[in-house]
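Chain residues, written in single-letter form:
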Amino acid sequence: MSTPATRVLVLNGPNLGRLGSREPDVYGSTSYAGLVERCTALGAELGLSVEVRETNSEAEMVGWLHEAADAKTPVVINPGAFTHYSYAIRDAAAQRTAPLVEVHISNPYTRETFRHTSVIAAVASGTIAGFGLGSYELALRALAEQLTGR
């Protein structure tokens, strides 16, 4: 009898649904569907049941973080622009009851000054940035290691 896969939410904030067409020099040419495929495939390899979501709504993101906290579900989150100013998302993330990894496709510290501040980082288990869509893969691997105690 096999062990059921651990559920993981991969939550994406504003404009991430436009991957592939939005500033490909910064975010790459892979579409959002390609990101979903990469995350779910790697998740399956790691024994994780990955559900990828995207929203342009701060309220919806807060609701998803509450859902994750209530169910003790690990989270990978790319808050997008919410990273820099959303105290509502920060406070929801602070309620986490399982690991939460903040990810960014680009390296915010090599970009505009306003991107250098994350209000989420202080309440996250860790932050991975600057590795393109590989940031998500690194985050999923880190979660899998944390969850198995390796």
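Let me begin by describing the structure that accompanies this report.

Basis of the calculations
- Residues numbered from 1 in each chain as written.
- Predicted model: local features only at pLDDT ≥ 70, side-chain atom pairs only at ≥ 80, totals over all residues.
- Heavy atoms only, no water.
- Phe/Tyr/Trp six-rings, centres within 6.5 Å; stacked < 30°, edge-to-face > 60°.
- Buried < 20%, exposed > 50% of the residue type's maximum accessible area, 1.4 Å probe, protein only.
- Pairing = 2+ DSSP bridges.
- Helix = DSSP H or I, 4+ residues; strand = E, 2+ residues; numbered from the N terminus.
- Axes fitted to C-alpha atoms, helices over the stretch in contact; angles between N-to-C directions.
- Contact = heavy atoms within 4.5 Å.
- Salt bridge = Lys/Arg side-chain N within 4 Å of Asp/Glu carboxyl O.
- Parallel < 35°, antiparallel > 145°, perpendicular 65-115°, else oblique.
- Nonpolar A, V, L, I, M, F, W, Y, C, P; charged D, E, K, R; others polar.

In this section: the packing of aromatic side chains. On inspection of all chains with the given rule, the structure shows one aromatic pair. With centroids separated by 6.2 Å and ring planes inclined at 70°, the aromatic side chains of F82 and Y85 adopt a geometry described as edge-to-face. Y85 gets classed as partly exposed once you look at its relative accessible area, which sits at 45%.

Now for the sheet that holds strand β3 (residues 75–78). Ordered by their spatial adjacency, five strands build an open sheet running β2-β1-β3-β4-β5, and the pairing between neighbours is parallel. Only two strands of the sheet have a single neighbouring strand rather than two, namely β2 (48–54) and β5 (126–129). Averaged over all adjacent pairs, the angle separating strand axes in this sheet is 20°, with direction ignored. In the sheet, β3 pairs with strand β4 (residues 100–104) via three bridges, with the strands oriented parallel. The partner of V75 across the bridge, within β4, is L100. Contacting β1 (6–12), β2, β3 and β4, helix α3 (residues 58–71) runs over the sheet at an angle of about 165° to β1.

A few words on the pattern of salt bridges. By the definition in use, this model includes six salt bridges. Across the pair R7 and E67 runs a salt bridge whose closest N-O atoms are separated by 3.0 Å. Separated by 60 residues along the polypeptide, R7 in strand β1 and E67 in helix α3 bring together distant segments of the chain. Assessed through its relative accessible area of 31%, R7 is described here as partly exposed. The partner of D91 in a salt bridge is R90, and the shortest N-O contact between them spans 3.3 Å. A residue is classified by how much of its surface remains accessible, and R90, at 26% relative accessible area, is partly exposed.

The geometry of a pair of packed helices is captured by two quantities: the angle between their axes and the separation between those axes. Two numbers describe how α3 lies on helix α4 (residues 87–94): the axes approach to 8 Å, and their chain directions differ by 5°. Relative to α4, the element α3 lies roughly parallel. In this structure, α3 uses E58, M61, V62, L65 and H66 to contact α4, whose residues at the interface are A88, I89, A92 and A93. The residue inventory of the contact of α3 with α4, partitioned by class, reads seven nonpolar, one polar and one charged.

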